[in-house]
Amino acid sequence: MASSSSNVASAPASEPVRAQLQGAEADALITSTDPEHPANLICELCRDFYTLGWVTGTGGGISIRHGKHVYLAPSGVQKERIKPEHIFVLPFAQSSVPKPGSQRDFLRIPTRVGLKESACTPLFWNAFTLRSAGACIHTHSQHAVLLTLLLGKSAKSFRISHQEMIKGVRLGGSGKTLRFFDTLEVPIIENTADEEDLTEGMAKAMEEYPNAAAILVRRHGVYIWGNTWEQAKIQAECLDYLFEMGCKMIQAGLPLVGDD
Ligand SMILES: CSC[C@@H](O)[C@@H](O)C(=O)COP(=O)(O)O
Ligand SMILES: [Zn+2]
């Protein structure tokens, strides 16, 4: 749906009243000189993630939940070039998982016509609702993708132990940090034709693996979350390191679990 105030005017009478803000009130949600404001942070972090190869070719991204609001990038745009004025803002309420393409409940829709919220929105929402996450990162890192291929079609998860970087990952993504002698396990789900169709599979895997801090998507990438954007970023860095290590260990014929 195109972004414009006509979204509001053209709503059928039977639809609930839209919460969408307009003009200066809407822009106040994304305007701040504080570099740690979510609208500024998403832009900065996407630039950083781009240099890591995590969000190239418009894929991947990050969403931040800040109090009652969720901040998101647009879909199909070069993520390393987005500006705060391109950011969508949604109210956070467990009952209002936004449907793809339906911007009815958005608080702020960028004024640049044609922008649509990230297709990852319902997947980010899984992390916010099922893990009370404060931020969720989606990467198309080649380490994540190659790992799902090296593990083979039948692998339902990636397991690794005896690696120092395991200590940077939290139980369930939001609990206590793992210890050196713990085994880290990240479930793998199959990819779908459209990003939003991963929503159910991701939620199911999160329920089946309550201790998992991320969900790998075969031939696609990974979703990683944390209590805060800082924790999500730290875990994304540790997990990406472990995914890369996993790829190299498999290729070298080394066991992933154990210290032999
Ligand atoms: C290279 S396009 C990849 C997208 O289809 C998708 O996988 C993705 O991660 C980004 O979705 P987007 O809607 O652009 O935020
Ligand atoms: Zn993706």
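Residues numbered from 1 in each chain as written. Chains lettered and ligands numbered in written order. Predicted model: local features only at pLDDT ≥ 70, side-chain atom pairs only at ≥ 80, totals over all residues. Heavy atoms only, no water.

**What about helix α5 (residues 142-150)?**
1) Next: Taken residue by residue, α5 has A144, V145, L147 and T148 as its buried positions. Mapping the buried residues of α5 onto a view down its axis gives an arc of 160°, with all of them on the same face.
2) Next: For α5, the secondary structure elements touched by its buried residues are β5 (157-160), β6 (184-189), β7 (214-217), β8 (221-226) and α7 (229-251).
3) Next: Between a side-chain oxygen at the N-terminus of α5 and the backbone nitrogen of H143 the separation is 3.1 Å; the capping residue is S141.
4) Next: With its phi angle positive at about 95°, G152 sits one or two positions after the end of α5. (Buried < 20%, exposed > 50% of the residue type's maximum accessible area, 1.4 Å probe, protein only. Helix = DSSP H or I, 4+ residues; strand = E, 2+ residues; numbered from the N terminus. Arc of directions from axis to C-beta. Contact = heavy atoms within 4.5 Å. Polar contact = N/O pair within 3.5 Å; in protein donor to acceptor, adjacent residues only side chain to side chain.)

**Some words on the pairing of strand β2 (residues 69-72)**
1) Next: Side-chain alternation along β2 places H69 and Y71 on one buried face and V70 and L72 on a second face that is also buried.
2) Next: For strand β1 (residues 61-66) and β2, the ladder comprises 3 bridges, and the chain directions are antiparallel. Bridge assignment links R65 to a residue of β2, and that residue is V70.
3) Next: Counting the residues between successive antiparallel strands, the hairpin from β1 to β2 contains 2 residues, one of them, G67, with a positive phi of roughly 60°.
4) Next: By the bridge criterion, 4 bridges tie β2 to strand β3 (residues 88-91) in an arrangement that is antiparallel. What sits directly across from Y71, in β3, is V89. (Pairing = 2+ DSSP bridges.)

**A word on unusual backbone geometry**
1) Next: Despite not being glycine, T58 has its phi angle at roughly 75°, a positive value.
2) Next: With respect to the element layout, T58 can be found in the loop between α3 (38-51) and β1.
3) Next: The residue H162 is not glycine, and still its phi comes out positive at about 55°.
4) Next: Its place among the elements puts H162 in the loop between β5 and β6.
5) Next: Judged by relative accessible area, H162 falls into the partly exposed class, the value being 23%.

**Examining the state of the cysteines**
1) Next: Applying the stated criterion to the full structure yields 0 disulfides.
2) Next: Left without a disulfide partner, C43 is nearest to the cysteine sulfur of C46, which lies 7.2 Å away.
3) Next: For C43, a relative accessible area of 3% translates into the label buried.
4) Next: Not part of a disulfide, C238 finds its nearest cysteine sulfur in C136, a span of 16 Å.
5) Next: What makes C238 buried here is its relative accessible area of 8%. (Disulfide = S-S within 2.5 Å.)

**A look at the side chain of S161**
1) Next: Its location among the elements puts S161 in the loop between β5 and β6.
2) Next: Excluding anything up to four places from it in sequence, S161 contacts I166, D182, T183, L256, V257 and G258.

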